[in-house]
Amino acid sequence: MISPIYAVSDIQISPSNPKVGDTVVLTGTANPNEAINCQAWFEVNPIISPPYYGYLMNSVEIPSSPNNFKVVAENVNKVYVSVKMGIWITKSATANSDGVAIVSQSNVPVGTYDIKIGGTIKDPSKPVKLKIIASTTIKADENGNFKYSYKANNIPEGTVVHLNIGGVSKDVLIEGDIPTPPAEENTPIIEDKNTMTNQTVNLDKEPPKITILSPSKRDYNISKVYFDVIVEDESGYMVKFYLNGNNLDYNESNNHYTGVLNLKEGKNTFEIIAKDEYNNKNRKILYLNYYKPKNQKNENTVDDKSADIASSQNNTSEKIVNNKKIIHIQNNNNSKQENIVYGTIIKHVGNATLIISDGTKISVVGDIQIKEVVLPNITLTYYITPENAEFKPPLTLKVKIKPSQNKEIKVLYYDNKLKSWKALSYTVDEKSNIIIKINKSGYYAIKENEINVNENKKELLHIQIIGFIKAIVSVVINLIKP
């Protein structure tokens, strides 16, 4: 690539796959003695505890003048940026109506500084994003050769650094120490902590699968509707059925459950909860509307035929797992071109809850499933299927993390195209659960990192504050307030 503004070309990056802590060096050619503008920017996800957010960057190297350092904060009311230059110097900015606040400083003296960023959140239901932008000017030598370098010691793993060298753009992904996830067909080996040996066993980490054959529609003009449900799991499980919060009786045969729904006029809630012996839980909710017809003469004599219709539109196959007959259903309704979820589904796996909204569109054929996977150097990892799927609207993954006052949370997604992990935005609810919006299937990881703080900050960290996020954010906010 050749810059249309400068005569910049032949840019080389070393190392080609940089990791956190590496010094990334870019070399290239330009006109002899040409001054070249260089810019690097990246986006980070701050620590959040509504209504506050905060972010620490230690030992940040600022190049020689001319230079510019800028912070762009999104979804905020205000942003404070403090730089330790012997004493803490703070600049602040109030956000515009879109929740964007910008702090910029030119010609910062060359040196290494600690930087703190923080403020208050505009909308806690949306993630806060911080864009860090640094620019400087370098000069080619008499032969037209130039070199530009930056340290990745303050750039989190999974972050894409966007570079512009004299008009030539390059993107560099900062990698970490998380290994490539296993292939889909490989069953993860999970240590059984309930045993006193060093043996490893395959534990069931997937919730039971619920397939509703009927009811197959939402609106009815009869009050008596039959349900037909299949529940599958490779371990023992229990299942319960509720209509408007009341327990339902049912008949069961080989994981096949049938019964009757006596609908009330208006909106009705049909709920199925299945929980296996490893405490993995699946919950599915259907909303059924009963409109009383004007002529009720034949109401009690008309049976709902949705189960027969649904069965005729599906092929079933059987297999034996752990001496239990498992029935699999394949939807062959070719008139339905889109794969759409019928009913709200809530799946519980370990510390995670996956919420699938009624009407969610899946870009490929298959049911949405979640399982927990064990990876080295990671706290929690979840694999969501079907493979290569996109979800509209996004799924919601809620993960409960044990509070820790000296760690920060990073959320990562494994990008199959890049063959690397990428950082994702997230939010935190009032119970300190991590909330992640899932747009694509694949691997999602949550990693806890030790926060590198100096001694005076460590003293503040030992103050008794509830919640790992509140503890760290309080330190940041207290330090940066003027």
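Let us look at the structure shown here.

Quick notes on the rules
- Residues numbered from 1 in each chain as written.
- Predicted model: local features only at pLDDT ≥ 70, side-chain atom pairs only at ≥ 80, totals over all residues.
- Heavy atoms only, no water.
- Helix = DSSP H or I, 4+ residues; strand = E, 2+ residues; numbered from the N terminus.
- Buried < 20%, exposed > 50% of the residue type's maximum accessible area, 1.4 Å probe, protein only.
- Contact = heavy atoms within 4.5 Å.
- Pairing = 2+ DSSP bridges.
- Axes fitted to C-alpha atoms, helices over the stretch in contact; angles between N-to-C directions.
- Lys, Arg positive; Asp, Glu negative; His and termini not counted.
- Salt bridge = Lys/Arg side-chain N within 4 Å of Asp/Glu carboxyl O.
- Polar contact = N/O pair within 3.5 Å; in protein donor to acceptor, adjacent residues only side chain to side chain.
- Phe/Tyr/Trp six-rings, centres within 6.5 Å; stacked < 30°, edge-to-face > 60°.
- Lys NZ or Arg CZ within 6 Å of the ring centre and 35° of its normal.
- 1 Å grid on protein atoms, 1.4 Å probe; cavity = no way out; pocket = protein on both sides within 12 Å on 5 of 7 lines; lining within 4 Å.
- Points joined across faces, edges and corners; volume = space filled by probe spheres on them.

### Looking at the overall build of the chain
Part 1 of the argument: Along the chain, the regular secondary structure elements total three helices and 39 strands.
Part 2 of the argument: For the chain, with 482 residues in total, the buried portion stands at 46%.
Part 3 of the argument: Put simply, of all contacts in the chain between residues at least 6 apart along the chain, 69% involve residues at least 24 apart.

### A few points about unusual backbone geometry
Part 1 of the argument: Omega for the peptide link from T385 to P386 comes to 15 degrees, which places this bond in the cis form.
Part 2 of the argument: Tracing the backbone through its elements, the reader meets P386 in the loop between strand 33 (380–385) and strand 34 (390–399).
Part 3 of the argument: The omega angle of the peptide bond from K392 to P393 is -5 degrees, so this bond is cis rather than trans.
Part 4 of the argument: Tracing the backbone shows P393 in strand 34.

### So, the sheet that holds strand 2 (residues 23–29)
Part 1 of the argument: If you walk across this open sheet you meet the three strands as 1-2-12, and the pairing is antiparallel. Only two strands of the sheet have a single neighbouring strand rather than two, namely strand 1 (9–14) and strand 12 (145–151). For this sheet the average axis-to-axis angle between neighbouring strands, irrespective of direction, equals 15 degrees.
Part 2 of the argument: As paired elements, strand 1 and strand 2 share four bridges and run antiparallel to each other. Directly across from S9, in strand 2, lies its bridge partner T29.

### With respect to the side chain of E34
Part 1 of the argument: Tracing the backbone through its elements, the reader meets E34 in the loop between strand 2 and strand 3 (35–44).
Part 2 of the argument: In this structure E34 is buried but unpaired, with K139 as the nearest side chain of opposite charge at 11 Å.
Part 3 of the argument: Only 3.1 Å separates the side chain of E34 from the backbone nitrogen of N31, close enough to count as a polar contact.

### Looking at the packing of aromatic side chains
Part 1 of the argument: Overall, the coordinates contain ten aromatic pairs when judged by the stated rule.
Part 2 of the argument: On the numbers, 5.3 Å between centres and 40 degrees between planes, the contact of F227 with F270 is tilted. Taken together, the residues span a long stretch of sequence, with F227 in strand 19 (residues 224–232) and F270 in strand 24 (residues 266–276) at a distance of 43 residues. An identical accessibility class is assigned to F227 and F270; each is buried.
Part 3 of the argument: For the pair Y250 and Y257, a centre-to-centre distance of 5.4 Å together with 70 degrees between the ring planes defines the contact as edge-to-face.
Part 4 of the argument: Judged by its relative accessible area of 6%, Y257 is buried.
Part 5 of the argument: One residue, K116, lies across the ring of W88, its end atom 2.0 Å from the ring centre.
Part 6 of the argument: Note that K131 overlies the ring of W41, its terminal NZ or CZ placed 4.5 Å from the centroid.

### Overview of empty space enclosed by the protein
The gaps of empty space that remain are located by a probe, the size of a water molecule, rolled over the atoms.
Part 1 of the argument: In this structure the tally under the stated criterion is one cavity of 30 Å³ or more.
Part 2 of the argument: For the largest cavity, the calculated volume is near 80 Å³.
Part 3 of the argument: Within the residue set of the lining of the largest cavity, elements represented by two or more residues are strand 3, strand 35 (407–415) and strand 36 (420–424).
Part 4 of the argument: Top contributing element to the lining of the largest cavity by residue count: strand 35, with three residues.

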